[in-house]
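Each chain is listed here by its residues.
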Amino acid sequence: MQHRIFLVPPLGDPEVGRRRWEQRHGDLFTATPGLLGYTQNRPVAQEWARGTARFCSETWFADRDAERGAYSSAYYREVVTPDEASFLDRQAAWSAAVVGGEAGPADGIRVLWFDDAPPPGARWRPLELSRPVPPPGRGTRVYTAVMAEPGEALALTRGAGPVALVCRPRAYALPSPKGSQR
């Protein structure tokens with residue numbers, strides 16, 4: 001399985017981008033050929049208010065060849081890419097393959113820690129990455145924790161700046177391929 005995590009800053013007005021990502025992009029992206037799973041890690045309102053929110057998503061494909069095929073498909077080039085270019089700073093995008101570990105449950109509030117030393121106070125699960133996290137983070141891990149309330153997560157990440165992201169995961173159901181009983 002090819003699992004990848006993406007972190008991309010907004011392009012233009014972050015609020016306009018957030019609405020487009022949450023209300024339109026997920027439905028477009030889930031029609032990408034070969035996609036087996038898609039989750040948007042949607043930053044909580046306080047992240048957008050303090051200016052530290054970024055678009056963070058995760059994808060799953062059968063393998064690296066299926067992923068390459070998806071991103072080189074006519075659908076991705078002609079439909080998804082223009083949509084992304086309208087609200088994502090694609091030039092500043094970062095992604096890494098997840099090569100080990102599991103993020104755990106997607107219920108509740110998820111904290112993503114893009115650095116090699118998360119703070120105490122949570123049950124962290126490390127995800128091993130194929131490449132280093134973006135600065136100012138360090139290392140080749142992103143740590144995840146699930147909290148019941150946004151306030152608890154925001155208190156844990158206070159002062160962390162862009163190495164932390166407090167979000168609500170939204171896993172998308174994928175359309176069934178033509179002729180299958182998915």
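Residues numbered from 1 in each chain as written. Predicted model: local features only at pLDDT ≥ 70, side-chain atom pairs only at ≥ 80, totals over all residues. Heavy atoms only, no water.

### With respect to the overall build of the protein
To keep it simple, the criterion reads: Each helix corresponds to a stretch of at least 4 residues labelled H or I by DSSP, and each strand to a stretch of at least 2 residues labelled E; elements are numbered beginning at the N terminus. Three labels apply to residues, based on accessible area from a 1.4 Å probe with only protein chains included: buried if under 20% of the type maximum, exposed if over 50%, partly exposed otherwise in between. Here a residue-residue contact requires only that any non-hydrogen atoms of the pair lie within 4.5 Å. Reported accessibility uses the Shrake-Rupley method at a 1.4 Å probe radius. Residues are deemed covered only where the shown protein chains occlude them. Just so you know, the count uses Lys and Arg for positive and Asp and Glu for negative, and it drops His and the chain ends. We put the charge of a Lys on NZ, of an Arg on CZ, of an Asp on CG and of a Glu on CD.
A count of helices and strands for the protein gives five helices and eight strands. Mapped in sequence order, the helices and strands of the protein form the string β-α-β-α-β-α-α-β-β-β-β-α-β. Looking at the protein residue by residue over its 182 residues, the buried ones come to 47%. Counted over contacts in the protein with a minimum sequence separation of 6, partners at least 24 positions apart contribute 73%. Carbon and sulfur atoms make up 52% of the accessible area of the protein, which totals about 8,900 Å². Taking the 23 positively charged and 20 negatively charged side chains of the protein as two groups, their mean positions are separated by 1 Å.

### Some details on the pairing of strand β5 (residues 109–113)
As a reminder of what qualifies: Two strands qualify as a pair provided that DSSP identifies no fewer than 2 bridges between them.
The buried count for β5 comes to five of five residues, which makes it a mostly enclosed element. Of the two faces of β5, both are covered, the one formed by Ile 109, Val 111 and Trp 113 as well as the one formed by Arg 110 and Leu 112. Bridge count for β5 against strand β7 (residues 141–147) is five bridges, and the pairing is antiparallel. Counterpart to Trp 113 in the pairing with β7 is Tyr 143. With four bridges joining them, β5 and strand β8 (residues 164–172) adopt antiparallel strand pairing. Residue pairing in the sheet places Val 111 in a bridge with Val 166 of β8.

### Some remarks on the packing of aromatic side chains
Counted only if it meets this: The aromatic pairing rule takes the rings of Phe, Tyr and Trp, using the six-membered ring of Trp, and pairs them if the centres are within 6.5 Å, calling planes under 30 degrees apart stacked, those over 60 edge-to-face and the rest tilted. By definition, being over a ring means that NZ of Lys or CZ of Arg is both within 6 Å of the ring centre and within 35 degrees of the ring normal.
All told, the structure shown has ten aromatic pairs when counted by the stated rule. Taking the centre distance of 5.4 Å and the plane angle of 80 degrees together, the rings of Phe 55 and Phe 87 count as edge-to-face. With Phe 55 in strand β3 (residues 55–61) and Phe 87 in the loop between α4 (74–85) and β4 (94–100), the pair connects residues that are 32 residues apart, well separated along the chain. Taking the relative accessible area as the measure of exposure, Phe 87 reaches 2% and is therefore buried. A connected cluster of aromatic rings, assembled from ring pairs, spans Phe 29, Tyr 38, Phe 61, Tyr 71, Tyr 76 and Tyr 172. The aromatic ring of Tyr 172 is capped on one face by Arg 170, whose charged end is 3.9 Å from the ring centroid.

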